[in-house]
Amino acid sequence: MNIDDIINFNTSTPDIERYSLADEKVLSGKPSQELSNHYSSPCGQFHTGVWQGDKGRWKVEYTEHEYCEILSGTSVIRCDDGKEMRVTEGDRFVIPAGFSGTWEVIDTCKKVYVIFEPNEG
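As recorded by an unreviewed UniProt entry, the protein chain carries the name Cupin domain-containing protein and is attributed to Shewanella psychropiezotolerans.

Dropping the structure here:
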């Protein structure tokens with residue numbers, strides 16, 4: 001490994017994956033999303049990149065630990081017991097594996113994500 005192996009988000013040009021959520025997850029809106037994964041570790045457990053989502057609300061069940069930094073827009077994250085957290089530009093937080101609830105985009109939201117998928121078992 002050397003300096004050329006460092007991934008710089010400013011110069012990296014990953015493919016942009018555009019997708020829609022499965023109908024059974026969507027609770028409101030038509031939240032299309034896009035993902036630019038800048039790096040995945042060789043073991044497949046660590047990923048980082050940029051995600052963007054359009055207005056809408058959907059169910060989430062995290063099997064991964066995710067660090068998020070909101071670059072623009074506003075979202076509301078709700079857990080199954082109804083408590084919620086509003087996140088907006090500049091907010092940084094971690095969603096631990098096992099979290100279950102909903103993610104709602106109020107204004108088109110863009111974030112940097114860092115994901116760690118623990119081994120099952």
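On we go.
The pairing of strand β4 (residues 46-53) with strand β9 (residues 100-116) spans eight bridges and is classified as antiparallel. When the sheet's bridge partners are listed, Gly49 is paired in β9 with Tyr113. Here strand β5 (residues 56-61) runs beside β9; their pairing, made up of six bridges, is antiparallel. Bridged to Arg57 within β9 is Glu104. Pairing geometry for strand β6 (residues 65-79) and β9, over 13 bridges, is antiparallel. Among the inter-strand pairings, Ile77 is bridged to a residue of β9, identified as Trp103.

Mapped onto this structure's residue numbering, the UniProt feature "domain: (S)-ureidoglycine aminohydrolase cupin" (unreviewed entry) falls at residues 41-113. Helix and strand shares over residues 41-113 are 0% and 71% respectively, and the end C-alpha atoms of the span are 14 Å apart.

Below, the discussion takes up the environment of Pro31. Along the chain, the position of Pro31 falls in the loop between β2 (26-29) and β3 (33-40). Owing to a relative accessible area of 3%, Pro31 belongs among the buried residues under this scheme. Remark: the alpha-carbon pair of Pro31 and Val105, spanning 74 residues in sequence, is separated by 8.1 Å.

Another aspect to go through is the side chain of Gln33. Within the element layout of this structure, Gln33 appears in strand β3. Judged by its relative accessible area of 6%, Gln33 falls in the buried class. For Gln33, the side chain forms a polar contact with the side chain of Trp51, separated by 3.0 Å. Excluding anything up to four places from it in sequence, Gln33 contacts Glu17, Arg18, Tyr19, Leu21, Trp51, Gln52, Gly53 and Trp58.

A separate point is a nonpolar patch on the surface. The grouping of Ile7, Tyr39, Phe46 and Phe116 at the surface amounts to a nonpolar patch, some 320 Å² of accessible area in total. Mapped onto the fold, Phe46 is located in strand β4. We classify Phe46 as partly exposed; its relative accessible area is 33%.

Cut-offs and rules
- Residues numbered from 1 in each chain as written.
- Predicted model: local features only at pLDDT ≥ 70, side-chain atom pairs only at ≥ 80, totals over all residues.
- Heavy atoms only, no water.
- Pairing = 2+ DSSP bridges.
- Helix = DSSP H or I, 4+ residues; strand = E, 2+ residues; numbered from the N terminus.
- UniProt positions renumbered as here; feature names shortened; annotations may be inferred.
- Buried < 20%, exposed > 50% of the residue type's maximum accessible area, 1.4 Å probe, protein only.
- Polar contact = N/O pair within 3.5 Å; in protein donor to acceptor, adjacent residues only side chain to side chain.
- Contact = heavy atoms within 4.5 Å.
- Patch = residues over 30% accessible without salt bridge, like charges linked within 9 Å, V, L, I, M, F, W, Y side chains within 5 Å.
- Areas by Shrake-Rupley, 256 points an atom, 1.4 Å probe, with all protein chains shown as cover.
- Salt bridge = Lys/Arg side-chain N within 4 Å of Asp/Glu carboxyl O.

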